[in-house]
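What follows is the residue order along each chain.
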Amino acid sequence: MTKEELMRKAIELSVQNVAEGGGPFGAVIARDGEIVATGVNRVTPDCDPTAHAEVSAIRAAALKLGTFDLSGCEIYTSCEPCPMCLGAIYWAHLDRMYYGNSKKDAAAIGFDDAFIYDEIDLKPEYRKLHSEVLLPEEAIKAFKDWEAKSDKVEY
């Protein structure tokens, strides 16, 4: 399939998902022009704030391919990803991303993630979400164990 056909599939998924009660977002992960997996936004139907189209597509692709590293794949998404999805796309090592609507288009219909980008730039003590360091001397054990582990699978 061409890039345009793959993007049209992501757009089609987003339109269909609205009709079925989900959010207006769809995503396709492809490798060599073939669809590996798709995802749609199911936040409200599934009561899952992480069930965004891109994350859902990444989960499905990783499961299908049996790997957490999606190098060699591309993602086509109906909208510029939110911060969570963008992070997931980077963590999945997708080679390329294509999107239809912009984050400004999303903000215009109530999906405005600007506050998250603003919060990320702040030091933790200045963020709206209260956070504090708690038991770091105990938490560091897992990190030390990981660092010393000879058979770890790095990601």
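Residues numbered from 1 in each chain as written. Predicted model: local features only at pLDDT ≥ 70, side-chain atom pairs only at ≥ 80, totals over all residues. Heavy atoms only, no water.

(A) How the structure looks around the environment of glutamate 5. Relative to the elements of secondary structure, glutamate 5 occurs in helix α1 (residues 3-19). Its relative accessible area of 38% is what places glutamate 5 among the partly exposed residues. Separated by 28 residues in sequence, glutamate 5 and glycine 33 place their C-alpha atoms 9.3 Å apart. (Helix = DSSP H or I, 4+ residues; strand = E, 2+ residues; numbered from the N terminus. Buried < 20%, exposed > 50% of the residue type's maximum accessible area, 1.4 Å probe, protein only.)

(B) View of the packing of aromatic side chains. Under the definition given, this model contains four aromatic pairs. Judged by centre distance (4.9 Å) and plane angle (90°), the rings of phenylalanine 25 and phenylalanine 111 are edge-to-face. Taken together, the residues phenylalanine 25 in the loop between α1 and β1 (26-31) and phenylalanine 111 in the loop between α5 (103-108) and α6 (114-121) connect sequence positions 86 residues apart. Judged by its relative accessible area of 36%, phenylalanine 111 falls in the partly exposed class. (Phe/Tyr/Trp six-rings, centres within 6.5 Å; stacked < 30°, edge-to-face > 60°.)

(C) Up close: the environment of isoleucine 116. Residue position: isoleucine 116 is located in helix α6. Judged by relative accessible area, isoleucine 116 falls into the partly exposed class, the value being 29%. As a C-alpha pair, isoleucine 116 and alanine 92 span 24 residues in sequence and 21 Å in three-dimensional space.

(D) The arrangement of unusual backbone geometry in detail. Located in the positive-phi region is cysteine 47, a residue other than glycine, with phi close to 50°. With respect to the helices and strands, the residue cysteine 47 is situated in the loop between α2 (43-46) and α3 (53-65). The backbone phi angle of histidine 93 is positive, close to 65°, even though this residue is not glycine. Along the polypeptide, histidine 93 turns up in the loop between α4 (83-91) and β4 (96-101). By relative accessible area, histidine 93 is classed as partly exposed at 32%.

(E) A look at a nonpolar patch on the surface. Together, Phe68, Trp146, Val153 and Tyr155 make up an exposed nonpolar region whose accessible area comes to about 490 Å². Positionally, valine 153 belongs in the segment after α7 (136-148). Taking relative accessible area as the criterion, valine 153 reaches 55% and is therefore assigned exposed. (Patch = residues over 30% accessible without salt bridge, like charges linked within 9 Å, V, L, I, M, F, W, Y side chains within 5 Å. Areas by Shrake-Rupley, 256 points an atom, 1.4 Å probe, with all protein chains shown as cover. Salt bridge = Lys/Arg side-chain N within 4 Å of Asp/Glu carboxyl O.)

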